[in-house]
Amino acid sequence: MSDFDELAERAEGDFARAVRACRSFRRFDEGEPIPPTLLVALVDLARDVASGANRLPLRYRIVTEASERESVFSQLKWAGALKDWDGPAAGERPTGYIVVCDAGGGATTAVDEGIAAQTILLAATQAGFGGCMLHAFNHSAVEAALGLEAEARERNLAQLKPLMVIALGRPAETVRLEPLEASPDGSTNYWRDDASVHHVPKRSLEDVLL
């Protein structure tokens, strides 16, 4: 086996399994809340990832207290491809959130956001939890509910604008990757079957390699 073959084999090891297990979960077990200390540890990892020109524009608001969780949850929009589903019911809702905020960093902020969010979810997956990145939410209402404008003034920041809400908790659903050909309508939309298993189609390696 060549050195390159060995590297390729290692890439299909623990890290590859973690990547494929790191799915978008939208239903959680509220009886097993995610520990606040883990949320802090996830942010601690995110602050050390790559940042365009090292501008470090991101700030993170952790949400664990019940009334704040309800305020955030009420402003979220879930699973646009599941037209008949309004989001997780009581008992299946996230037990914590990390709200990723822009403190005013420049052109690469969106890239920084994606790198940080994926790092957070990969680390959460390895700890036995999971989550979902949400851009579909009422930004101004979340900003007001969490007092981000006042926080920006207190910290002498130009702004604190919520970019993404990462919903987190102990997953209470099964998510399976499928070949794109298995899609019921031939699209890239995810779907749920009669057993409420969540299926996510993906393109093949042959399709994406140019």
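Preceding this section is the structure that the text describes.
Anyway, here's the lowdown on the structure attached to this text. (Residues numbered from 1 in each chain as written. Predicted model: local features only at pLDDT ≥ 70, side-chain atom pairs only at ≥ 80, totals over all residues. Heavy atoms only, no water.)

**Let's talk about the side chain of arginine 23**
Link 1 in the chain: Position of arginine 23 among the secondary structure elements: in the loop between helix H2 (14–21) and helix H3 (36–46).
Link 2 in the chain: Of the side chains with opposite charge, glutamate 173 lies nearest to the buried arginine 23, which makes no salt bridge, at 9.9 Å.
Link 3 in the chain: One polar contact links the side chain of arginine 23 to the main-chain carbonyl oxygen of valine 19, over a distance of 3.4 Å.
Link 4 in the chain: Contact partners of arginine 23, with chain neighbours within four places excluded, come to Gly131, Val175, Leu177 and Lys202. (Helix = DSSP H or I, 4+ residues; strand = E, 2+ residues; numbered from the N terminus. Buried < 20%, exposed > 50% of the residue type's maximum accessible area, 1.4 Å probe, protein only. Lys, Arg positive; Asp, Glu negative; His and termini not counted. Salt bridge = Lys/Arg side-chain N within 4 Å of Asp/Glu carboxyl O. Polar contact = N/O pair within 3.5 Å; in protein donor to acceptor, adjacent residues only side chain to side chain. Contact = heavy atoms within 4.5 Å.)

**Overview of the packing of H3 against helix H5 (residues 109–126)**
Link 1 in the chain: The interhelical angle for the contact between H3 and H5, taken along N-to-C directions, is 135°, at an axis separation of 9 Å. The angle between the axes of H3 and H5 places the two elements in the oblique class. The two elements H3 and H5 cross, and the hand of that crossing is right-handed. Of the residues in H5, those touching H3 at Leu42, Leu45 and Ala46 are Ala116, Thr119, Ile120, Ala123 and Ala124.
Link 2 in the chain: Broken down by class, the residue content of the contact of H3 with H5 amounts to seven nonpolar, one polar and no charged. (Axes fitted to C-alpha atoms, helices over the stretch in contact; angles between N-to-C directions. Parallel < 35°, antiparallel > 145°, perpendicular 65-115°, else oblique. Left-handed = near helix turned anticlockwise from the far one by under 90°. Nonpolar A, V, L, I, M, F, W, Y, C, P; charged D, E, K, R; others polar.)

**Remarks on the packing of aromatic side chains**
Link 1 in the chain: Taken as a whole and assessed by the stated rule, the structure comprises one aromatic pair.
Link 2 in the chain: Residue placement shows arginine 26 over the ring face of tyrosine 190; its charged tip is 4.6 Å from the ring centre.
Link 3 in the chain: One cation-aromatic arrangement involves arginine 192 over tryptophan 85; the distance from NZ or CZ to the ring centre is 4.1 Å. (Phe/Tyr/Trp six-rings, centres within 6.5 Å; stacked < 30°, edge-to-face > 60°. Lys NZ or Arg CZ within 6 Å of the ring centre and 35° of its normal.)

**Focus: the packing of H2 against H5**
Link 1 in the chain: Contact geometry of H2 with H5 gives a least axis separation of 9 Å together with a crossing angle of 105°. When the axes of H2 and H5 are compared, the pair comes out roughly perpendicular. Only Leu122, Thr125 and Gln126 of H5 make contact with H2, whose side of the interface consists of Phe15, Ala18, Val19 and Ala21.

**A few points about the pattern of salt bridges**
Link 1 in the chain: In total, this model carries 11 salt bridges according to the counting rule given.
Link 2 in the chain: Note that arginine 47 and aspartate 44 form a salt bridge whose closest N and O atoms lie 2.4 Å from each other.
Link 3 in the chain: Owing to a relative accessible area of 52%, arginine 47 belongs among the exposed residues under this scheme.
Link 4 in the chain: Put simply, arginine 155 and glutamate 151 hold a salt bridge, and the shortest N to O gap is 2.6 Å.
Link 5 in the chain: Of the residues examined, glutamate 151 reaches a relative accessible area of 28% and is grouped as partly exposed.

**With respect to the nonpolar core**
Link 1 in the chain: Membership of the largest hydrophobic core comes to 27 residues, with the highest contact counts inside it found for Leu76, Trp78, Tyr97 and Val165.
Link 2 in the chain: Sorting elements by how many residues they give to this core places strand E2 (residues 96–102) first, with three residues.
Link 3 in the chain: Among residues more than four places away in sequence, those in contact with tyrosine 97 are Leu39, Arg61, Ile62, Val63, Arg69, Val72, Phe73, Leu76, Val165, Ile166 and Ala167.
Link 4 in the chain: Judged by nonpolar contacts, the second largest core, of 22 residues, contains Leu58, Ile98, Ala116 and Ile120. (Core = buried A, V, L, I, M, F, W, Y, C linked by side-chain atoms within 4.5 Å.)

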